[in-house]
Amino acid sequence: MLIFHSIAPTNAQNTLSQAANLMQPGDSVTKERVEYVYAGEGGEHAVWDFSNLDSEDTYYIKYDTISESQLTGYDMQKTYNYRLTSDSLLMTGYESPLLSIDYQQPLLIQYFPLKFGQTYSADYQGNGRYCSTHFERNYGSVRITADAIGTLILSEKDTLPNTLRIYTINTEAIRLNRDSCRNDSDNLKLVITEHYQWYALGYRYPVFETITSSTYDNMDHVATSQYAYRCPPEIQIEMNDSTNERIRCEQQREADNQNMHNGSQTSQGRDVGFTYDVDVNGNQIAINYSIEKTATIRAMIVDVMGNVYHDIQQTNQAGTNYSLDIDCTGLRRGQYIIYINVNGTVYNNKIPIK
């Protein structure tokens, strides 16, 4: 597996590491599902206030060990198989009552160590079986970025400085009935998943995470699902975790009376009054839009195989006549998807490149 990375220097304290953030055999993790909230912008000195979210239900996952380098996770629906290398956590497959996947080229889950500003990416592919009789082939790419660091507010008691946010974008193509002789465009699904995880210094598991997953069938948008979970600090403190207990003690001594609330507040609102149209002029794509509130617009050009050719992001204040321009020169002829995420709300358009 080839992993490409770029490193930006930083003085941030929080670094994702195997010693402090790798799941451990015997851990039983409780996650509370809460109402979905927009992840906010990236960068340094961020402040995320997720303190007023209603809890909807509870999700459990337990980890066990197979060997020194192999781990297994169990939740209420799936079994996940992991392999640990010197610098990576990889998923080698998973199984549910209806579907089993075996990755011949494993899926990158995490890279260690990971500091603010770093990005790692890798391709993956595997074979699956649905309902024991239907075959499928899965392949895609994943990119992991430590895109923000700041203070996370979960409640009046839980204000967590030095929180590192990890952003993962996964584009996966799924070919159903892969042994058939049908055309390449037949029985092909695409899933685009954006996953944000907030790792607070001194806690093994992300204390908060959001997931947005959009599904396409032969380039047509089918559905978008969004979830948010929190794993409260008080639950993690009860784990047998001497490494993070030491980190928490050191952090408390260093903090003293420092102001933990410095920084710029990110916009949490999802309804920003976004209206837009897509103008296609040859290989030049323009997304013309207006917004009623400050918003971050992220646009990606994706083909039916899950390949991401452009990923552009910009933030604008309330206004009209904004444009986000994408040069698609060099792309092959065919149908593509423009995937647009505006403060957590997803929009989709199918466009031709001629």
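## Concerning the nonpolar core
Working step 1: Residues Met23, Tyr82 and Ile166 are the most contacted members of the largest nonpolar core, which totals 37 residues.
Working step 2: At the level of secondary structure, the elements contributing two or more residues to this core comprise β4 (55–67), β6 (79–84), β7 (88–95), β8 (99–111), β9 (119–130), β10 (134–153) and β11 (159–176).
Working step 3: In terms of residue count, the dominant contributor to this core is β8 (six residues).

## Description of the pairing of strand β18 (residues 295–302)
Working step 1: Most of β18 sits out of view: eight of its eight residues are buried.
Working step 2: Along β18, one buried face is formed by Ala295, Ile297, Ala299 and Ile301 and the opposite face, lined by Thr296, Arg298, Met300 and Val302, is buried too.
Working step 3: Two elements, β18 and strand β19 (residues 308–316), share eight bridges in a ladder whose sense is antiparallel. Within β19, the residue paired with Ile301 across the bridge is His310.
Working step 4: Pairing of β18 with strand β21 (residues 334–342) involves six bridges; the strand directions are antiparallel. Bridging from a neighbouring strand, Ile301 pairs with Ile338 of β21.

## Considering the sheet that holds β21
Working step 1: Across the sheet, which stays open at both edges, the four strands sit in the order β19-β18-β21-β22 with antiparallel pairing between neighbours. In this open sheet, the two edge strands, each paired with only one partner strand, are β19 and β22 (345–353). Each adjacent strand pair in this sheet contributes to an overall mean axis angle of 15°, direction not counted.
Working step 2: Pairing analysis gives nine bridges linking β21 to β22, with the strands arranged antiparallel. Looking at the pairing, Tyr339 lines up with Asn348 of β22.

## Side note on the sheet that holds strand β17 (residues 284–291)
Working step 1: Reading across the sheet, the three strands line up as β16-β17-β20 and stay open at both edges, with antiparallel pairing between neighbours. Two strands lie at the open edges of the sheet, namely β16 (275–281) and β20 (319–327), each paired on one side alone. Going across the sheet, the axis of each strand differs from the next one's by a mean of 20°, ignoring polarity.

## Describing the confidence of the model for the protein
Working step 1: On average, residues of the protein carry a pLDDT of 88, and 89% of them reach 70 or more.
Working step 2: Low confidence marks residues 1–12, where pLDDT is under 50. Its contacts with residues over four positions away, or in another chain, come to 28 contacts.

## What about the side chain of Ser96?
Working step 1: Secondary-structure assignment places Ser96 in the loop between β7 and β8.
Working step 2: A relative accessible area of 18% places Ser96 in the buried class.
Working step 3: Sequence-distant contacts of Ser96, that is, excluding residues within four places in its chain, are made with Gln77 and Lys78.

## Let's talk about the environment of Glu95
Working step 1: Topologically, Glu95 is positioned in strand β7.
Working step 2: Along the primary structure Glu95 and Asn81 are separated by 14 residues, whereas in three dimensions their C-alpha atoms are 8.7 Å apart.
Working step 3: Residues within four places of Glu95 in sequence aside, it is in contact with Gln77, Lys78, Thr79 and Ser100.

## Focus: the side chain of Glu209
Working step 1: Topologically, Glu209 is positioned in strand β13 (residues 208–217).
Working step 2: Relative accessible area serves as the criterion here: at 4%, Glu209 is assigned to the buried category.
Working step 3: Separated by 2.8 Å, the side chains of Glu209 and Lys31 make a polar contact.
Working step 4: Each residue touching Glu209, except ones within four places of it in the same chain, is listed here: Lys31, His195, Tyr196, Gln197, Trp198, Tyr227, Ala228 and Tyr229.

## A look at the environment of Leu190
Working step 1: As for its position among the elements, Leu190 is in strand β12 (residues 188–200).
Working step 2: Since its relative accessible area comes to 2%, Leu190 is described here as buried.
Working step 3: A sequence separation of 24 residues divides Leu190 from Ser214, and the C-alpha atoms of the two residues are 8.2 Å apart.

## Details of the pattern of salt bridges
Working definition: two side chains of opposite charge can pair if their charged atoms are close together.
Working step 1: In the structure shown here, the tally under the stated rule is 11 salt bridges.
Working step 2: A salt bridge links Asp147 to Arg165; the shortest N-O distance between them is 2.7 Å. Placement of the pair is Asp147 in strand β10 and Arg165 in strand β11, with a sequence separation of 18 residues.
Working step 3: Look at Asp147 and you get buried, because its relative accessible area is 17%.
Working step 4: One continuous salt-bridge network, built from bridges that share partners, spans Asp27, Arg204 and Asp241.

Rules and cut-offs
Residues numbered from 1 in each chain as written. Predicted model: local features only at pLDDT ≥ 70, side-chain atom pairs only at ≥ 80, totals over all residues. Heavy atoms only, no water. Core = buried A, V, L, I, M, F, W, Y, C linked by side-chain atoms within 4.5 Å. Buried < 20%, exposed > 50% of the residue type's maximum accessible area, 1.4 Å probe, protein only. Helix = DSSP H or I, 4+ residues; strand = E, 2+ residues; numbered from the N terminus. Pairing = 2+ DSSP bridges. Axes fitted to C-alpha atoms, helices over the stretch in contact; angles between N-to-C directions. pLDDT = per-residue confidence, 0-100. Contact = heavy atoms within 4.5 Å. Polar contact = N/O pair within 3.5 Å; in protein donor to acceptor, adjacent residues only side chain to side chain. Salt bridge = Lys/Arg side-chain N within 4 Å of Asp/Glu carboxyl O.

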